[in-house]
Amino acid sequence: MSTASAAAPRTGSVLADLLPASRTKGIALVVGGAALTGIAAQIAVPIPGSPVPVTGQTFAALLVGAGLGAGRGFLSLALYALVGMAGMPWFADGTSGAGGASFGYVLGMLLASTVVGALARRGADRSVLRTAGTMVLGSAIIYAVGVPYLAASTGMSLTAAVAAGLTPFLLGDALKAALAMGLLPAAWKLVGRRG
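Residues numbered from 1 in each chain as written. Predicted model: local features only at pLDDT ≥ 70, side-chain atom pairs only at ≥ 80, totals over all residues. Heavy atoms only, no water.

S.K.: How would you sum up the overall build of the protein? Please name residues and give values.
M.R.: Secondary structure assignment for the protein yields eight helices and two strands. Mapped in sequence order, the helices and strands of the protein form the string α-α-β-β-α-α-α-α-α-α. Whereas a compact globule of 195 residues would reach a radius of gyration of roughly 16 Å, the protein reaches 17 Å, a difference of no more than 12%. For the C-alpha atoms alone, the extent of the protein along its principal axes is close to 60 × 35 × 20 Å. Per-residue burial for the protein yields a buried fraction of 44% across its 195 residues. Look at the contacts in the protein between residues 6 or more apart in sequence, and 69% of them connect residues 24 or more apart. Just so you have it, the protein exposes about 9300 Å², and 72% of that area is on carbon and sulfur atoms. The centroid of the 12 positive side-chain charges in the protein is displaced by 13 Å from the centroid of its 4 negative side-chain charges. (Helix = DSSP H or I, 4+ residues; strand = E, 2+ residues; numbered from the N terminus. Rg over C-alpha atoms; globule rule 2.2 N^0.38 Å. Buried < 20%, exposed > 50% of the residue type's maximum accessible area, 1.4 Å probe, protein only. Contact = heavy atoms within 4.5 Å. Areas by Shrake-Rupley, 256 points an atom, 1.4 Å probe, with all protein chains shown as cover. Lys, Arg positive; Asp, Glu negative; His and termini not counted. Charge placed at Lys NZ, Arg CZ, Asp CG, Glu CD.)

Structure, rendered in structure tokens:
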């Protein structure tokens with residue numbers, strides 16, 4: 001086996017695995033992923049007729065999962081959720097606490113980050129098409145938790161919750177997926193050239 005092929009990243013690793021391993025690195029990555037999600041949540045655009053704004057946090061949560069892997073992605077989003085529930089105003093629009101109409105999306109991001117991280121470890125973030133499928137699946141998981149929670153917390157029918165908490169976000173999610181389709185495979189190509 002040549003040195004170049006031994007150094008090249010293989011399936012079974014995520015981008016964060018390419019950094020030198022240490023306990024401090026793991027903690028920093030988890031905290032950094034939570035902070036990135038909290039900062040991205042502040043990029044919020046209200047949607048008329050919906051209690052849920054368009055934010056950057058779903059994109060950040062999926063990138064955290066892909067970049068850190070399932071375990072660290074889960075821990076990052078769990079930290080994000082727990083600190084927000086404890087009062088840190090870093091949910092969408094600077095809110096905090098559990099029970100708001102959009103809190104189900106936070107729970108969905110926790111699950112989605114874990115699934116996306118597991119898929120990334122299997123190489124699902126290394127090509128444009130596979131990244132697209134991974135991002136679509138991650139978004140679907142977020143909605144599968146967030147929309148029913150929205151309906152339950154507001155008293156909306158499921159049809160009304162879909163109209164208010166899913167349909168207005170599809171175009172934005174397509175744009176986020178397109179951005180991820182460019183970023184993640186490009187990062188792997190860059191790493192491959194350096195390896």
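The rest of the description comes next.
S.K.: Which residues make up helix α2 (residues 23-41), and what values do they have?
M.R.: Note on helix geometry: an α-helix contains 3.6 residues per turn, so any two residues three or four positions apart are oriented the same way. Between the first and last C-alpha of α2 there are 27 Å, a value that for 19 residues agrees with the 27 Å anticipated at 1.5 Å per step. Considered for burial, the residues of α2 that qualify are K25, G26, L29, V30, G33, A34, T37, G38, A40 and A41. Among the structural elements, β1 (44-45), β2 (54-55), α3 (57-68) and α4 (70-85) are those in contact with the buried residues of α2. (Expected span 1.5 Å × (residues − 1).)

S.K.: Describe the confidence of the model for the protein, with residues and values.
M.R.: Chain-level pLDDT for the protein is 90 on average; 93% of the residues reach the 70-or-more range. Below a pLDDT of 50 lies the segment residues 1-8, which in the model reaches three contacts outside its immediate sequence neighbourhood of four places, other chains included. (pLDDT = per-residue confidence, 0-100.)

S.K.: Explain the layout of surface pockets to me, and be specific about the residues and the numbers.
M.R.: Roughly 160 Å³ of volume is contained in the largest pocket. Considering the residues around the largest pocket, the lining is formed by 13 residues, among which M135, V136, S139, D173 and A177 are closest to the centre. Of all the secondary-structure elements, those providing two or more residues to the lining of the largest pocket are α3, α6 (128-154) and α8 (170-194). (1 Å grid on protein atoms, 1.4 Å probe; cavity = no way out; pocket = protein on both sides within 12 Å on 5 of 7 lines; lining within 4 Å. Points joined across faces, edges and corners; volume = space filled by probe spheres on them.)

S.K.: Can you tell me about the pattern of salt bridges, naming the residues and giving the values?
M.R.: For the coordinates displayed, the defined rule picks out three salt bridges. In this structure, D17 and R72 form a salt bridge, with 2.6 Å as the shortest nitrogen-oxygen distance. Taken together, the residues span a long stretch of sequence, with D17 in the loop between α1 (3-7) and α2 and R72 in helix α4 at a distance of 55 residues. The salt bridge partner of D173 is K176, with a shortest N-O separation of 3.9 Å. Here K176 and D173 lie together in helix α8, a separation of three residues that amounts to about one turn. (Salt bridge = Lys/Arg side-chain N within 4 Å of Asp/Glu carboxyl O.)

S.K.: Could you give me a rundown of the nonpolar core, with the residues and numbers involved?
M.R.: In terms of nonpolar packing, the biggest core is built from 40 residues, with L77, Y80, Y105, V106, M109 and M135 touching the most fellow members. Elements represented by at least two residues in this core include exactly α2, α3, α4, α5 (103-121), α6 and α8. It is α5 that contributes the most residues to this core, eight residues altogether. (Core = buried A, V, L, I, M, F, W, Y, C linked by side-chain atoms within 4.5 Å.)

S.K.: Lay out the environment of A44 in plain terms, naming residues and giving numbers.
M.R.: With respect to the element layout, A44 can be found in strand β1. With near-sequence residues (within four places) excluded, A44 lies in contact with P53, V54, T55 and D93.

S.K.: Tell me about unusual backbone geometry, and please be specific about residues and values.
M.R.: Even without being a glycine, D93 presents a positive backbone phi close to 65 degrees. Checked against the element boundaries, D93 lands in the loop between α4 and α5. On the accessibility criterion, D93 (52% relative accessible area) is exposed.

S.K.: Explain the packing of aromatic side chains to me, and be specific about the residues and the numbers.
M.R.: The tally for this structure, following the rule as stated, stands at five aromatic pairs. With 5.3 Å between their ring centres and 70 degrees between their planes, Y80 and F91 make a pair best called edge-to-face. Pair noted here: Y80 is in helix α4 and F91 is in the loop between α4 and α5, with a separation of eleven residues, a long-range link. For Y80, a relative accessible area of 0% gives the class buried. One aromatic cluster is present, built from ring pairs that chain together Y80, W90, F91, F103 and Y149. The ring of W188 has R126 sitting right over it, with the charged end atom 3.7 Å from the ring centre. (Phe/Tyr/Trp six-rings, centres within 6.5 Å; stacked < 30°, edge-to-face > 60°. Lys NZ or Arg CZ within 6 Å of the ring centre and 35° of its normal.)

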